[in-house]
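Chain by chain, the residues run as shown.
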Amino acid sequence: MSECGGRGGGSSSSDDAEDEGGGGPAGSGSLSPVPAGASSAGRLRRGLRGASLMARRRPELLCGAVALGCALLLALKFTCSRAKDVTIPAKPPVSFFSSRSPVLDLFQGQLDYAEHVRRDSEVVLLFFYAPWCGQSIAARAEIEQAASQLSDQVLFVAINCWWNQGKCRKQKHFFYFPVIYLYHRSFGPIEYKGPMSAVYIEKFVRRVMKPLLYIPSQSELLDFLSNYEPGVLGYFEFSGSPQPPGYLTFFTSALHSLKKDYLGTVRFGVITNKHLAKLVSLVHSGSVYLHRHFNTSLVFPREVVNFTAENIHKWAFENRETLLRWLWPHGGKSLLLNNELKKGPALFLFIPFNPLAKSHPLIDEITEVALEYNNCHGNQVVERLLQHLRRVDAPVVKSLAPEPAAQLPDAPLRAASPCCNTVVLPQWHSISRTHNVCELCVNQTAVGIRPSAVSMPQCSFLEMAAALDSFYLKEQAYHVVSDSMECSNFLSSYSPFSYYTACCRTMNRGIGFSSLEKECAVSTAGSVPHIEENRHLFPDVDTSSPDFTGLSCRTNKTLNLYLLDSNLFWLYAERLGAPSTTRVKEFAAIVDVKEESHYILDPKQALMKLTLGTVGTSLPQTE
């Protein structure tokens, strides 16, 4: 009788027995369960054992597998190392300007050639650009337009400073594009940072070409001194020498001014006539004079400070007097307006401006207003300059150098009787029996008013209507429950001469209110406060010819005046309240950050001296 499960052959071993029987005792007739992990490990061991047996039987297969794996690793490493060098070369640059353009286009970044041609020219403009830059593309047409006007006097050179194989890219490291440099012979670079507009670029180039303005007559001297920009005058006698001592230094100081301040806010002029020089207290050839409208004008102290171009420029900038200031926001994030508003109340004047125009009548009127507004002590030189701006014939003056200002007594303050009316605010709720009863008064203070301009009319209904409008807008502030009288002042316009006072008290309709009700003739409490007309009188100022001379010194807040070109920055005017569509882009606004107030001139009114004078009398006065 044969056994079940007998092992055939004589080549069995203990390992085979373990695999077949699962490690059970010999002769056992039962089967024990095998875990899944043990089964997987067993298959792995069997695979490795089979591979080992095959390697022992056929070793050439093992060598071939090892060689194939090494070959694959080498091929992968070689492919990865070669991938870094597989790049597409940049396309060669092409001309940025047309062949017919008056601009010399070095589109391969030939900086060395640009330096070569610069040495052979008196005035050169270098325009560094990047072909992909949107600002460079936009400025290209403006540069061409300016070059078409000045190409016979100025060399315009454009350089591609982005191509990686050009010398410009290797030697220059600009953080923005485009960049404009100007050179006047060996002096430079003078970087232009103004608006990328053809007229502004042309104006700046012309100032670099002729940094000094020749003053041949008294009329042109008055034009120079009455300008809103600070002026520096040098007196040099050319009779004995084609180039008197100090002239070249003074010429270079004017170029230094343009280099330090691209707006050119300090103008430099030259006088060669000794009689004209005496009008500004210049006697010796080589003297330099800084004109100031209200502070004492200065003569450069050659005995104390070395007469160098840098020192003259520094002295002029440190001691200059600013009457009006242009603002040029660049359109990006900037603290320009914030820093100016921190200085105090600001009057922003938006006007269309052409820098190439020979005359600017509107700016002359603004300058006239600014001179009158700051002429606190009746300076005679300022009065003469005002006559010149008004084109009024006046006798020849003996001196145009301002004398030290004498302290004049302040104009008397005359408090006028207030014009008052009783205002009963509506009930808070329909079931409430309490009201706020206010005495609303228009207070006026006449500051230096001419006697002929003062009259004593009855209380103006228009004044009270304006007071009511402002009060009613703020009436939420007076919803207080208090038996005592509480008073506060508020403004409806930016004026130092009139303000409103509201004294309020909460009263119950059933307690003591009947007498007030009869007095105020209030029948029912409606949605609109009631106004009674009282017959108080107060002085009235003749507004047809506002007198704002020296007003900056008669109020404890002074406006800073700023000019902005409405052709470039009308968006800022719209943010301040100007209409988006208008025939003439002229606008005026007052902003006082400290008082959190903002006032605008009626856009329907044209900017002129009369309307600006009205703005000038609308200055703040705190208590």
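For the structure, check the block above.
Treat the numbers as computed from the prediction; the structure is a model and nothing was measured.

A word on the overall build of the protein
Inference 1: Helix and strand counts for the protein come out as 18 helices and 20 strands.
Inference 2: Of all intrachain contacts in the protein linking residues separated by at least 6 positions in sequence, the fraction that spans at least 24 positions is 71%.
Inference 3: When the accessible surface of the protein is split by element, carbon and sulfur atoms take 54% of a total near 35,700 Å².

Regarding the packing of helix H9 (residues 247-260) against helix H11 (residues 309-319)
Inference 1: At a minimum axis distance of 8 Å, the contact between H9 and H11 shows a crossing angle of 55 degrees. Put simply, H9 runs oblique to H11. Regarding H9 and H11, the two cross each other, and that crossing is right-handed. Seen from H9, the contacting residues are Thr249, Thr252, Ser253, His256, Ser257 and Lys260; seen from H11, they are Ala309, Glu310, Ile312, His313 and Phe317.
Inference 2: Class assignment for the residues of the contact of H9 with H11 results in 3 nonpolar, 6 polar and 2 charged.

Some remarks on the sheet that holds strand E18 (residues 560-565)
Inference 1: With mixed pairing, the 5 strands of this open sheet are ordered in space as E11-E18-E12-E19-E20. Every other strand in the sheet has two partners, leaving strand E11 (325-326) and strand E20 (597-600) as the edge strands with one partner each.

Section: the pattern of salt bridges
Inference 1: Counting across every chain of the model gives 10 salt bridges.
Inference 2: Glu202 serves as the salt-bridge partner of Arg206, at 3.0 Å between the closest nitrogen and oxygen. One end of the pair is Arg206 and the other is Glu202, both in helix H7 (residues 198-209) and 4 residues apart, which spans about a single turn.
Inference 3: Assessed through its relative accessible area of 8%, Glu202 is described here as buried.
Inference 4: Here Arg390 makes a salt bridge to Glu368, at a shortest N to O gap of 2.7 Å. With Arg390 in the loop between helix H14 (380-389) and strand E13 (413-415) and Glu368 in helix H13 (residues 361-374), the pair connects residues that are 22 residues apart, well separated along the chain.
Inference 5: Given the relative accessible area of 34%, Arg390 is considered partly exposed.
Inference 6: Since its relative accessible area comes to 7%, Glu368 is described here as buried.
Inference 7: The structure contains a network of salt bridges with shared partners spanning Arg325, Glu340 and Lys343.

Description of the side chain of Ser257
Inference 1: For Ser257, the location among the structural elements is in helix H9.
Inference 2: Residues in contact with Ser257, not counting those within four places in the same chain, are Val266, Phe268, His313 and Phe317.

Focus: a positive patch on the surface
Inference 1: Taken together, the side chains of Arg43, Arg45, Arg46 and Arg49 define a basic patch exposed on the protein surface.
Inference 2: Following the sequence through the fold, Arg49 ends up in helix H2 (residues 36-57).

So, the side chain of His256
Inference 1: Examined against the element boundaries, His256 turns out to sit in helix H9.
Inference 2: For His256, a relative accessible area of 15% puts it in the buried group.
Inference 3: In this view, His256 contacts Phe187, Ala309, Glu310 and His313; residues no more than four positions away in its chain are not counted.

Here we look at the environment of His377
Inference 1: Looking at the element boundaries, His377 is found in the loop between H13 and H14.
Inference 2: Along the sequence, His377 and Phe294 sit 83 residues apart, while their C-alpha atoms lie 8.8 Å from each other.

So, the packing of aromatic side chains
Inference 1: This structure, assessed with the given rule, holds 27 aromatic pairs.
Inference 2: Judged by centre distance (4.2 Å) and plane angle (15 degrees), the ring pair of Phe96 and Tyr129 falls under stacked. Pair noted here: Phe96 is in the loop between helix H3 (59-83) and strand E1 (104-106) and Tyr129 is in strand E2 (residues 123-129), with a separation of 33 residues, a long-range link. Across the pair, Tyr129 and Phe96 agree in class, each one buried.
Inference 3: Arranged with centres 5.3 Å apart and planes meeting at 15 degrees, the rings of Trp326 and Trp328 form a pair that is stacked.
Inference 4: With a relative accessible area of 13%, Trp328 lands in the buried category.
Inference 5: Among the aromatic residues, those joined into a cluster by ring pairs are Phe128, Trp132, Trp162, Phe174, Phe177 and Tyr181.
Inference 6: Sitting over the face of the ring of Phe96, Arg140 holds its NZ or CZ atom 4.3 Å from the ring centroid.
Inference 7: Here Arg169 stacks its cationic end above the ring of Trp162, 4.3 Å away from the centre of that ring.

Quick notes on helix H4 (residues 111-119)
Inference 1: Every buried residue of H4 is listed here: Leu111, Ala114, Val117 and Arg118. Seen end-on, H4 carries its buried residues on one side only, within an arc spanning 125 degrees.
Inference 2: Elements that come into contact with the buried residues of H4 comprise E1, E2, strand E3 (155-160), helix H6 (167-171) and strand E4 (179-184).

What counts and what doesn't
- What you see as residue numbers is a count from 1 along each chain, following the sequence as written.
- With pLDDT at 70 or above as the cut-off, local features in this predicted model cover only qualifying residues; side-chain atom pairs require 80 or more to be listed or tallied, and sums for whole chains, interfaces and linings still use all residues.
- Computation of side-chain values covers all heavy atoms of the structure but excludes hydrogens and water.
- Only DSSP runs of H or I covering at least 4 residues are called helices, and only runs of E covering at least 2 are called strands; the numbering of each starts at the N terminus.
- By definition, residues are in contact when any of their heavy atoms lie within 4.5 Å.
- For the area figures, the Shrake-Rupley method with a 1.4 Å probe applies, and any residue is considered shielded solely by the protein chains shown.
- Working convention: axes come from line fits to C-alpha atoms, limited for helices to the stretch in contact. Angles between N-to-C directions cover 0 to 180 degrees.
- Roughly parallel covers angles under 35 degrees, roughly antiparallel covers those over 145, roughly perpendicular covers 65 to 115, and oblique covers all other angles.
- Working rule for handedness: look at the near helix, and if it is turned counterclockwise from the far one by less than a right angle, call the crossing left-handed; if clockwise, right-handed.
- Here the nonpolar group is Ala, Val, Leu, Ile, Met, Phe, Trp, Tyr, Cys and Pro; Asp, Glu, Lys and Arg are the charged ones; every other residue, Gly included, is treated as polar.
- Being paired, for any two strands, means DSSP has found at least two bridges between them.
- Criterion for a salt bridge: a side-chain nitrogen of Lys or Arg within 4 Å of a carboxyl oxygen of Asp or Glu.
- Exposure classes here rest on a 1.4 Å probe applied to the protein chains alone. A residue is buried below 20% of its type maximum, exposed above 50%, and partly exposed in between.
- Without a salt bridge and with relative accessible area above 30%, a residue can belong to a patch; like charges are then joined within 9 Å and nonpolar side chains (Val, Leu, Ile, Met, Phe, Trp, Tyr) within 5 Å.
- Working convention for charge: Lys and Arg count positive, Asp and Glu count negative, and His plus the chain ends are omitted.
- By convention, the point assigned to a charge is CZ for Arg, NZ for Lys, CD for Glu and CG for Asp.
- In summary, the pairing rule links any two rings of Phe, Tyr or Trp, Trp by its six-membered ring, whose centres are within 6.5 Å, and it sorts them by plane angle into stacked for under 30 degrees, edge-to-face for over 60 and tilted for everything else.
- Geometrically, a charge over a ring is one whose NZ (Lys) or CZ (Arg) sits within 6 Å of the ring centre while staying within 35 degrees of the ring normal.
- Directions drawn from the helix axis to the C-beta atoms are what define this arc.

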